Each structure stands twice: as structure tokens, then as C-alpha cells.
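# Coordinate inspection notes
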Number of protein chains: 2
Amino acid sequence: MISVEEARALLFDLVSPLPSEHIPLAEASGRVLSEDMTATRDQPPFAASSMDGYALKSTEAELHAMFEVIGESAAGRRFDGVVGPGQAVRIFTGAPVPEGADFILIQEDAERRESLITITQDPGTKTNIRPAGIDFTQGTKIVAPSVLRPEDIALMAAMNIPTVPVTRKPVIALISTGDELVMPGETPGPDQIIASNTFGLKALLENAGAHVRILPIARDTVASLETAFGLADGADLVVTIGGASVGEYDLVAEVSQTLGMERSFYKIRMRPGKPLMAGRLGNTAMVGLPGNPVSAMVCGYLFLLPMLRRMLGIEQVLTPFQSARLAEPIGKNGPREHYMRAVLGADGIRACADQDSSLLSVLAQANALLVREPHDHARPVGDEVRYLPL
Amino acid sequence: MISVEEARALLFDLVSPLPSEHIPLAEASGRVLSEDMTATRDQPPFAASSMDGYALKSTEAELHAMFEVIGESAAGRRFDGVVGPGQAVRIFTGAPVPEGADFILIQEDAERRESLITITQDPGTKTNIRPAGIDFTQGTKIVAPSVLRPEDIALMAAMNIPTVPVTRKPVIALISTGDELVMPGETPGPDQIIASNTFGLKALLENAGAHVRILPIARDTVASLETAFGLADGADLVVTIGGASVGEYDLVAEVSQTLGMERSFYKIRMRPGKPLMAGRLGNTAMVGLPGNPVSAMVCGYLFLLPMLRRMLGIEQVLTPFQSARLAEPIGKNGPREHYMRAVLGADGIRACADQDSSLLSVLAQANALLVREPHDHARPVGDEVRYLPL
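These numbers come from a predicted model, not from an experiment.

## Some remarks on the domain arrangement of chain A
Domains assigned within chain A are domain 1 (4-17 + 168-312), domain 2 (22-43 + 145-166), domain 3 (48-130) and domain 4 (322-389). Centre-to-centre separation of domain 3 of chain A and domain 4 of chain A, based on C-alpha positions: 64 Å.

In C-alpha cells, the structure reads:
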């Protein structure tokens, strides 16, 4: 039996960062920038006014001074002349500061009569000018890899970058296995239940940047499983759910080996979650998750998301643990790491009452996985514990 | 001058929750469930084994007891007979518990020879049976409105809900205004810069559930603005950026009034951000944001996201403030609320050095807006302050 951390290290060996593709900037939010980007221009490209007012010489900016307004500089339409002594140019926010001027008198400090202005308030010493290149200059870098946020998108737009190199989306194929399953919308027989894991995992993995294909349910026959594996062709990662246990009807291991998979079977010291089977099938990584719905989702958070992030080239593949204080006591833990469904509230964190790994209703009410070390002792209210946000 | 909170209340009056649409469950992640959903089945629909083992009578489950194995119950294929005294049925995880049995002996506690098993370990009293309906029963509700998480999607799949009612995505049209702007990929003239606000806001609003249309840049002419407003037809919210200031070239207010807008102009006691213009044009809400890139994005977080959440029918429209301790001292604040670009790290939060509202590079490095009350006094390292995560 190995730890969650050891299992993760083994799983990382199955995947590697994927190649880049170039996409339009407007579609790049949330994608992973895969190459450093470099600005090829200065922003602003000229000294610009930060206020509406009058551009003039700072040496002349004194209370009661008068100026002749000789023109206007607006955003996009600069004043082409030179500001001389006793002269001013009407200027608006963002407009280029005209030659000869080095001070923007804000309009609230001036009184205008036809083409003359008088300074009516102490103009102070703040120039209200943004120097050229104060935001960024040619050569300013945006460093990869990084998950692009709205702010990064805005910055790259300002740098005149219309398309960006991002890591291609990993394609993940999900295969539910089992004679007991039907798809949502079908009519289950008396012994059947609805396939739910693929739907939950699709949402989880797509939120994190994957392109997910839900394949038809594989029945508990060699032929059906082989068909499903065939449909997974082209995926970067194939995930089977169920059928990886030790019962006679668990055919996933058998079929994947027939197809040439170098198989590893990890017995992981964790709850919920084991068993977990993994390997490589040519260029495709394969992971077999347990069929219990909560186990499958928890394995999604603990194993699939980090593998996905590694394929995306993200440096921090693990969700950092957070800590909170217990709002209710918890009993001692057994020999395995336990990822307890828990609710984090204003008064602290409390483990859900029923930790059975079949209970999707409990998982849907939870917003955290409370992490217990093997053999952790019982803990009272107020103890600090670690959790993973859901 | 009004506060941010007062401005927000006025803006909320411009929008209301949008109608529902039905979409496939597999596409519903992140959407807002708009009607309560009710389970029409029990999960599990039958008492099910939670382990691989043997189903038998609990009264007979004693060390060294022997049983005849009379059949097998697998997931999806139940054993149709009745388990009598001295009899057992081979059973796998998730399979229906056969009639007559009320105890699952786990296989590790049994030794099998042909059709006979002997209990070789103390079987204990845990039945290893999940009662019918322990996850959910007919009538169990998922309460709307709620933003659907992967866990909710999995639960609804298990409930056999193939399509879900969600709030229609609000359509938001973004119009940048100004002669100084060109789109990314174009060659700017010497007085021009690249339109960046629409790209940043599109990413921000789409992350939060909007469908965003970036319209062509409106020039500083009445005709160009009228064209842009015309292209916004069908949007639930039109957002203009720039052109809402007091300079002579700020035509947005003039044109929107010509088009029949009931206009409100809010002078908000905040930095960065004012001016903000808003109103209604028929069925469409309109908001005019300032043109400075950082101001536009901050207004996006403070005003547009809450309006969007209100259109989506989300109950908690405001992002809750969080608190952190100052890692560096900050000076006293002026008369306006100040949303300072800040970086939250392990040692606390620090305001960025340059708070000029034109600096996208600073915004892209920030991960928080540090919130200052009007006239807040200077604060030393270690003081607790409020922030909004970016």
C-alpha cells in the first residue's frame, strides 16, 4: 500500500506537458499561456494627460497667471504645434501632451473667457502627465506558463497581441463500466442505476481546462470494453470508472492488458478511493477509478486534476491545502488517509455525518474535503485541520 | 456624490432575473439552476452490498459457520431466488441483496471450497448493506437558485435528470469608444493605443456566466456611436467604455439620450472608477464606464458582476469581502472609497506602489483589491484590512 502522494508521483510519470496551439486573444481566458510574450510597443506610446485641462509650461503654472489657448489635443488627435510662453492647449484625458508643455492644469483650476484662461486655484506641483512607457515598454515580458486571467487578457490586448500561444486542451475520454448502468434519460431496469460519475467528472475536468468526451457505457463483456477503448482513440488520457475491483466481473484490467497496456495497480492507503489502476497504452495514459460515485469524484480531485494540470504545463499541479478550525469534534482515524466530506462555515469546519462513499447527496452538500492523516487521533472542537476546497 | 453601495442599488433597479431555458445536463456546469429539481426515484433503488463477499442471514454469521453457495448477485444482475438457512449467495459491490439475506460477509473473512464457504474471521456486526434510498429518495429536492457545481451535476445524473432548467445567459454588448483606439492586430497611428478594456471585461463577464459580444469601436462622432448602439440590439446590457467624462468629445451621453435613454449619471465617491453613467433604453440596461483600463476593470468587478448575477437570478450578488493583515503600512485615504490594487501573499497583503488607474501591468500583477473607507487613517503593518479577491 502506498500513500496518496506516492501514487500521484507514479501517475505523473504517465503524462507530460502537451504542445501549444495559437488561439485568438478573445478566447484565451482560463487557458495556459505556453510561451513568454514580449511587448513590442510602449504604453502609453507618448506622454499623455491624466486629466481634462490645459497643457502649459510648469514654470508658468502660478495662481492668477493668464494664457492664450492656441489649440486642442484630444485622445487620438494630438495638437501638432509647439506650446510657447504664455500659451496653453486645451487637452483631454489620454491625449498626447503637446511639445513645449510639461504641465496639465486641471480644468477645475482655470477660468476660461473665449481664447484666454486664468489660473484661479493654486495649481500645485503634480504635473498630471503619464510619461511614455509608464505602463509597459518594448521588451516587457509576460512569463509563461500561467493561467490567463481577465487582467492578463486586457494587458495583452494593450500590448497589441491578437493571438496567443496556449497549451492545447488535453482530451480526456471517460468510460463508465458496468451492466448496472444506464445513461440519464433512459429507463433503468429494476437492478439498474444511472451513470453519474462521467457527468460529475466531465464538469470537474472541463472547469480545469480539459476537453472531455463521455463515451458509451461499457458492459461487463470483453467485446463491449474493447469497443469503448476503441472509441477513446486520440485521447490523451482514458479514464475508466468501475470494474477495477477484485470481483469476477471486473474486466477492465484484463481487457486493457490484452490491448497492450503496461499496467500498474496501486493500492493506496486512502479513503474513499481505492482501487486505482493506471498505465500507458501507446501514447495514451490510462487510469481506472473505483465505481463508487464519491470515490470517483474524490479521485478526480486528488489524481485527475493534478495529472490534467501537468498536461497543461501548469507549474503548481497540486491544490494547496487550506486550514480551518473544527466546529465539531472528530473521532480517531484508521490506517488510511481519509478525505472526509465536510462543510466549511463561518464557525469552522465540520465533517458530514455519513461518510459512506456511495452518497452523492452528501458530496453535493459538502464544500471541502477534510484531510486526515493515517492513525490521526481524535480531535476536539477548535483543533486546526487541513482541507481541500471543493 | 454617492457611495459604491448606493450606486449598486441604483444599478440593480436597471436589471432583473432573466427567464429559463432547458439545456442538457452535460452542459450545465457553472450555469444557474432556475427551478427546484425533485428526484423521481430512490438511490440506491434496492438494498445493495457495499462490499464483495457473500450474502447470508445475520443470525448465522458466526465464526466457523459453513454455508452452501447457491448463486450469485452482481451489479445489474440480481440473484432471483431466496437465501435460506445455511445458504449464501456470492455478491459484488453495488449488487442487490437477495431476498432472505440481511448480512454481507466480506470475502476476506471467508474461505471457499467449491460450493461451500466457511467463516474464518470474526464477521462482526456491520452488515455491509446500503439500505434502499439511503442516498436520496423520491421527492428529495435540489433547491434553486444555485450555481451548479460538478457534484450537483453528478447528483442530478444519479436522479435521472437528463436536461435542466437554467437561467438564460445574459447577453452583454461591449462598446469601446474613442478616436484613439484600434483593435488588437491593427497598426495604431502615432496618437493611438490598443482597445484592451473590452477584452478584459469579456473574460471577466464570461467567467461569471455571461455571453459577451464585443462590438466595433465607436468613434467620437454621433453617427459612429449610433451605429454601435444599433449593433447592440438584442443585448440585455450594453456597456460603453470611455466617452462618459465631461470633455467636449464625450458623446455617449448625448447619443444615448437621443436614442431615448432615461439617463442617470452617478458621481460615485470612489477611486478608481468614476464617472459612471447608467440608464435604460427600452428593454436594455445601459452602463457607461470610464475609459481608463484599470477603472473599467474595477467597475467591472464592483458593478457589472453584481448586475450580471442579478440577471442570472443568483441570490448572493456581491462578492463577500475577505480580510487580511497588512504586510506593509498604508497612508491615510482621501474622501473617496479606494479600491487599491494589491498583492496578497503568505505574509499578508500589500498595496501596489503605483495606483495610477492607467496601469494594466500593475493590475495584472495584483490578485486583490484592498478596500479603503473614505478618510480612513494611515495603517501600520499587521492591521486587519478588507479586500476583494481578483
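Right, picking up where we left off after that structure.
## Comments concerning helix 6 (residues 293-312) of chain A
All names here are of chain A. Within helix 6, the axis deviates most sharply at Gly-300, by approximately 45°. Judged by how many residues are buried, helix 6 sits mostly within the fold: 19 of 20 residues are covered. Count one or two residues on from helix 6 and you reach Gly-313, which has phi positive near 80°.

## A short note on the packing of aromatic side chains
Applying the stated criterion across every chain, the model contains 0 aromatic pairs over all chains. For Arg90(A), the ring lying beneath its charged end belongs to Tyr54(A), and the centroid distance is 5.1 Å. Positioned above the aromatic ring of Phe321(B) is the side chain of Arg386(B), whose terminal nitrogen or guanidinium carbon lies 4.1 Å from the ring centre.

## Details of the nonpolar core
Within the largest apolar cluster, 69 residues are counted, with the highest numbers of intra-cluster contacts made by Leu205(B) and Phe303(B). Per-element tally for this core: the top contributor is helix 6 (residues 293-312) of chain B, with 14 residues. Residues in contact with Leu205(B), not counting those within four places in the same chain, are Ile172(B), Leu174(B), Ala210(B), Val212(B), Leu304(B), Leu305(B) and Leu308(B). Judged by nonpolar contacts, the second largest core, of 68 residues, contains Ile172(A), Ala285(A), Val298(A) and Met156(B).

## Notes on the side chain of Asn197(A)
All names here are of chain A. In this fold, Asn-197 is placed in helix 3 (residues 197-207). A relative accessible area of 8% places Asn-197 in the buried class. A polar atom in the side chain of Asn-197 sits 3.1 Å from the backbone oxygen of Gly-291. Here Asn-197 is in contact with Ile-241, Gly-291, Asn-292, Pro-293 and Ala-296, once residues within four sequence places are set aside.

Definitions and limits used
- Residues numbered from 1 in each chain as written.
- Chains lettered and ligands numbered in written order.
- Predicted model: local features only at pLDDT ≥ 70, side-chain atom pairs only at ≥ 80, totals over all residues.
- Heavy atoms only, no water.
- Domains from an automatic or database assignment.
- Bend = angle between axes of the 7 residues up to and from the residue.
- Helix = DSSP H or I, 4+ residues; strand = E, 2+ residues; numbered from the N terminus.
- Buried < 20%, exposed > 50% of the residue type's maximum accessible area, 1.4 Å probe, protein only.
- Phe/Tyr/Trp six-rings, centres within 6.5 Å; stacked < 30°, edge-to-face > 60°.
- Lys NZ or Arg CZ within 6 Å of the ring centre and 35° of its normal.
- Core = buried A, V, L, I, M, F, W, Y, C linked by side-chain atoms within 4.5 Å.
- Contact = heavy atoms within 4.5 Å.
- Polar contact = N/O pair within 3.5 Å; in protein donor to acceptor, adjacent residues only side chain to side chain.

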